[in-house]
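Descriptive structure summary
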Amino acid sequence: MMLVNLWLVGAWIALAIIVVVLVFVLNRRRRRREGVAVHVAHSDRLTTLPGYAAALRRYRVLLAAVLIAATLLAAAAVLLSGRLVSLTTVQPEMRNRDIVLCLDVSGSMIDYDAQIVETFSQLTEEFDGERIGLVLFNASAVTSFPLTSDYAYAREQLDTLHADLVDPDTDWAFANGTLLGNGSSMIGDGLASCVMRFDDLDTERSRSIVFATDNYVAGEQIMTLPEAGEFAQSKDVVVFGLNPGDVDSLDYIGEFADEMREVVEGTGGTYWALEDPAAVPSIVEQVQARQAESFTGEPILVVTDEPTFPVLAGFAALAAVMFVGWRLRR
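Figured I'd write up the structure that's included with this text. (Residues numbered from 1 in each chain as written. Predicted model: local features only at pLDDT ≥ 70, side-chain atom pairs only at ≥ 80, totals over all residues. Heavy atoms only, no water.)

A few words on the packing of helix H4 (residues 110-123) against helix H5 (residues 151-166). Interaxial distance between H4 and H5 falls to 9 Å at its minimum, and their mutual angle equals 155 degrees. Relative to H5, the element H4 is oriented roughly antiparallel. Like other packed secondary-structure pairs, H4 and H5 cross with a definite hand, here left-handed. Where H4 abuts H5, its residues Ile110, Asp113, Ala114, Val117, Glu118, Phe120 and Ser121 lie against Arg155, Leu158, Asp159, Leu161, His162, Leu165 and Val166. Grouping the amino acids of the contact of H4 with H5 by side-chain chemistry returns 8 nonpolar, 2 polar and 4 charged. (Axes fitted to C-alpha atoms, helices over the stretch in contact; angles between N-to-C directions. Helix = DSSP H or I, 4+ residues; strand = E, 2+ residues; numbered from the N terminus. Parallel < 35°, antiparallel > 145°, perpendicular 65-115°, else oblique. Left-handed = near helix turned anticlockwise from the far one by under 90°. Contact = heavy atoms within 4.5 Å. Nonpolar A, V, L, I, M, F, W, Y, C, P; charged D, E, K, R; others polar.)

Structure follows, in structure tokens:
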């Protein structure tokens, strides 16, 4: 910016000097073309003529005008070099919501995960201050991307994951790091891992987890689901549970579904038993609407360049110098 300002100053000053020199040279050339002065008797009578006096006054006025215009041109250049700015303070309204998508990526959950990911990718276009993060888990949990308000980045990551989830020839690269354990769908460990992804726990922010799993544990967990629920409560994290495994055809895991419902509702969240992946978008929108609260962000100093006046004044002065120079030449 400093180099640009110096360039502008130099350009304006050089232009002003060129114009003044040009006017001076043209005026000198005009005088020379008039030839050598010829002594005329009784010339004092000529200078007393009203027409001569009026012409002399016009000439002096034009000279004064060109000097004033050149001065204004130089002043405009100086103002531009100083970079005129206006300072304003704004306090943006932001959403104090943190959302972690906590998705079970075992084989039976892929269709539902794809719906959730697609919906949140669309919702990022409406976010304003919210932070969103994504954690994938199976036998172990990995952070796909941390809490961020960089929605372009989050949308890119979500779209890439969605494409992998719906691709019948996917290489399952998105599941790398989620199989470091004995078993699958370790939902207690997965929920606890998602709770630990929240930062700044001392600040007043709404923290929620969209927890999607078929709730069928196969293996030995480090932390049970009830213990993970208590951990979420201790951190003021609300859990919204989506359980496509809670269907009539799977009555044999009904006990697990009841446990998940109790844990989720114990955090202040809502539990849904799903049979149709198409129901996921409306549910996620309900999660978003329920947690929407706003707050005034930290004051931000906004610096705005205001070059309009000196630029217009400079062009007007330049036009005046050129016009007056032309009149002087005549």
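Mapped onto the elements, Cys194 comes out in helix H6 (residues 187-195). The spacing of Cys194 and Leu136 is 58 residues in sequence and 8.9 Å in space, taken between C-alpha atoms.

What follows is about the state of the cysteines. A complete count under the given rule lists 1 disulfide for this structure. With a sulfur-sulfur separation of 2.0 Å, Cys102 is cross-linked through a disulfide to Cys194. Between Cys102 and Cys194 the sulfur-sulfur dihedral comes to about 80 degrees; the bridge is accordingly right-handed. On the criterion of sequence distance, the pair formed by Cys102 in strand S3 (residues 97-104) and Cys194 in helix H6 is long-range, its members being 92 residues apart. (Disulfide = S-S within 2.5 Å.)

At a minimum axis distance of 8 Å, the contact between H6 and helix H7 (residues 225-234) shows a crossing angle of 15 degrees. By the angle class used here, H6 and H7 are roughly parallel. For the pair H6 and H7, the sense of crossing is left-handed. Counting all contacts with H6, which are made through Ile187, Gly188, Leu191, Ala192 and Val195, the residues of H7 involved are Leu225, Ala228, Gly229, Phe231 and Ala232. Each residue belonging to the contact of H6 with H7 can be placed in one class, and the counts come to 8 nonpolar, 2 polar and no charged.

Pairing of strand S4 (residues 131-137) with strand S5 (residues 141-148) involves 5 bridges; the strand directions are antiparallel. Considered in S5, the bridge of Leu136 is made with Val142. Between S4 and S5, which follow one another and run antiparallel, lie 3 residues. (Pairing = 2+ DSSP bridges.)

To continue, consider the nonpolar core. One finds Leu101 and Phe120 to be the most contacted residues of the largest nonpolar core, which totals 34 residues. Mapped by element, the contributors of at least two residues to this core are S3, H4, S4, H5, strand S7 (206-212), strand S9 (237-243) and helix H9 (280-290). Setting aside its immediate chain neighbours within four residues, Phe120 contacts Ile99, Leu101, Phe127, Ile132, Leu158, Val210 and Val284. Counting 23 residues, the second largest nonpolar core, distinct from the first, contains Leu147, Cys194, Met260 and Tyr271. (Core = buried A, V, L, I, M, F, W, Y, C linked by side-chain atoms within 4.5 Å. Buried < 20%, exposed > 50% of the residue type's maximum accessible area, 1.4 Å probe, protein only.)

A separate point is the pattern of salt bridges. Enumeration according to the criterion identifies 3 salt bridges in this entry. Put simply, Glu130 and Arg97 hold a salt bridge, and the shortest N to O gap is 2.4 Å. Highlighted residues: Glu130 in the loop between H4 and S4 and Arg97 in strand S3, separated in sequence by 33 residues. The exposure classification of Glu130 matches that of Arg97, with both residues buried. A salt bridge links Asp98 to Arg131, with the shortest nitrogen-to-oxygen separation between them at 2.8 Å. Pair noted here: Asp98 is in strand S3 and Arg131 is in strand S4, with a separation of 33 residues, a long-range link. Each of Asp98, Arg131 and Asp199 takes part in one network of salt bridges that share partners. (Salt bridge = Lys/Arg side-chain N within 4 Å of Asp/Glu carboxyl O.)

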